[in-house]
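These are the residues of each chain, in order.
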Amino acid sequence: MEAGALIIFALLVLFAFLGLGVWATVKVVGAAKRGVDRTITQARRTVEDTTLKAKSLGQVGVPGALAQLRLDLRTSMRATQQALYQGVQTDSSLKESIGLFERLSAHGHELDEELKRLEQEPDRRRIADGLPELRERTAKIKQASDSLRWAARDRARRFAEDDLTALSEQIEMESGALRDWSRESVDDLAAAAAAAEAAAQAGGTAGGAAGGAAAGGGAPAAGPRPAALNPSTPTTHYPWQKTPRPEATT
């Protein structure tokens with residue numbers, strides 16, 4: 001029984017490790033696939049934008065106008081998308097703006113697909129007749145996209161300015177507090193030093209008076225008492241000085 005239980009337990013552990021390995025492999029493959037898809041999408045988008053730029057500059061008439069409309073639309077929508085999705089990482093209130101942008105993106109994609117189809121349309125006269133309406137739709141979507149983007153950037157800049165102003169005020173207050181603390185510390189040290197010096201002088205004077213009274217029965221001390229804090233400087237003899245001769249005795 002014990003051997004069978006050990007075998008079953010070992011098999012369960014083995015299956016668990018196998019399942020974990022399969023799950024990790026699937027995750028790695030999925031991440032790699034998403035990375036490849038993003039790379040392919042970005043490369044396709046870059047190629048398409050380059051083609052549109054070349055058409056808008058190198059072609060005249062209807063083809064050049066359609067290419068310019070698509071290029072303006074895609075550039076504005078991509079810039080707004082980047083600004084909103086980067087800003088929402090620090091400002092959660094932009095989630096509502098992202099929702100509005102996604103609704104606007106549906107209209108943008110629809111117009112872009114329509115312009116793309118019209119590039120292959122052989123009836124240039126009919127496309128030329130519809131260009132004013134296409135320009136109006138493109139301008140409306142582009143204006144809405146630009147409005148969202150600039151509003152998000154103005155909001156981020158205002159938050160940065162407010163934060164910088166508050167930080168500057170806090171630094172000024174802290175600097176003032178540090179300066180006041182420094183002056184108080186110096187004053188306290190000076191007062192303490194003056195008090196200690198006064199106490200030392202008072203103690204020395206009292207001790208000298210008491211000693212003189214004890215030795216002479218209250219009579220004043222015979223001779224000046226040497227200063228305790230400023231002793232007399234001994235006379236220095238230099239080697240080039242002559243040795244004083246003793247006085248003559250009689």
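Check the entry above for the structure.
So, here's what we can say about the structure. One numbering rule holds for all chains: residues counted from 1, following each sequence as written. Local features are withheld for residues below a pLDDT of 70 in this predicted model, meaning they are given only at 70 or higher, and side-chain atom pairs are given and counted only at 80 or more; totals for whole chains, interfaces and linings count all residues. The side-chain quantities take in all heavy atoms of the structure and omit both hydrogens and water.

### Notes on helix H3 (residues 95-119)
- Spanning 25 residues, H3 covers 36 Å between terminal C-alpha atoms, matching the ideal 36 Å at 1.5 Å per step.
- Considered for burial, the residues of H3 that qualify are Ser97, Ile98, Phe101, Leu104, Ser105, Gly108, Leu111, Asp112, Leu115, Leu118 and Glu119. Comment: elements are numbered from the N terminus, with helices defined as DSSP H or I runs of at least four residues and strands as E runs of at least two. Expected helix span is taken as 1.5 Å per residue step, with the number of steps being one fewer than the number of residues. We call a residue buried when its accessible area falls under 20% of the maximum for its residue type, exposed when it is over 50%, and partly exposed in between, using a 1.4 Å probe and counting protein chains only.

### Details of the side chain of Asp91
- One can find Asp91 in the loop between helix H2 (62-87) and H3.
- Nitrogen and oxygen atoms within 3.5 Å of one another constitute a polar contact, given that in protein one can donate a hydrogen and the other can accept it, and given that sequence-neighbouring residues count only through two side-chain atoms. Reaching out from Asp91, the side chain makes a polar contact with the side chain of Arg155 at a distance of 2.5 Å.

### A short note on the environment of Leu100
- Tracing the backbone through its elements, the reader meets Leu100 in helix H3.
- Taking the C-alpha atoms as reference points, Leu100 and Leu148, 48 residues apart in sequence, are found 8.9 Å from one another.

### Some points on the nonpolar core
- Among buried residues, the Ala, Val, Leu, Ile, Met, Phe, Trp, Tyr and Cys ones that are joined through side-chain atoms within 4.5 Å form a nonpolar core. If you look at the biggest cluster of nonpolar residues, it comprises 21 residues, and the most contacted ones within it are Leu66, Met77, Leu111, Leu115, Leu131, Leu134 and Ile141.
- Among the secondary structure elements, those contributing two or more residues to this core are H2, H3 and helix H4 (124-216).
- Looking at which element gives the most residues to this core, the answer is H2, with 7 residues.
- By definition in these notes, contact holds between two residues if any of their heavy atoms fall within 4.5 Å. The residues contacting Leu134, other than those within four sequence positions of it, are Leu66, Leu69, Leu111, Glu114, Leu115 and Leu118.

### Some thoughts on the pattern of salt bridges
- Salt bridges, as used here, are contacts in which a Lys or Arg side-chain nitrogen is within 4 Å of a carboxyl oxygen on Asp or Glu. One pass over the full model with this rule turns up 10 salt bridges.
- Glu119 is the salt-bridge partner of Arg70, the closest N and O atoms lying 3.5 Å from each other. Of this pair, Arg70 sits in helix H2 while Glu119 sits in helix H3; the two residues are 49 residues apart in sequence, bridging distant segments of the chain.
- A salt bridge links Asp91 to Arg155; its shortest N-O distance comes to 2.5 Å. Taken together, the residues span a long stretch of sequence, with Asp91 in the loop between H2 and H3 and Arg155 in helix H4 at a distance of 64 residues.
- Each of Arg70, Arg74, Asp112 and Glu119 takes part in a single network of salt bridges with overlapping partners.

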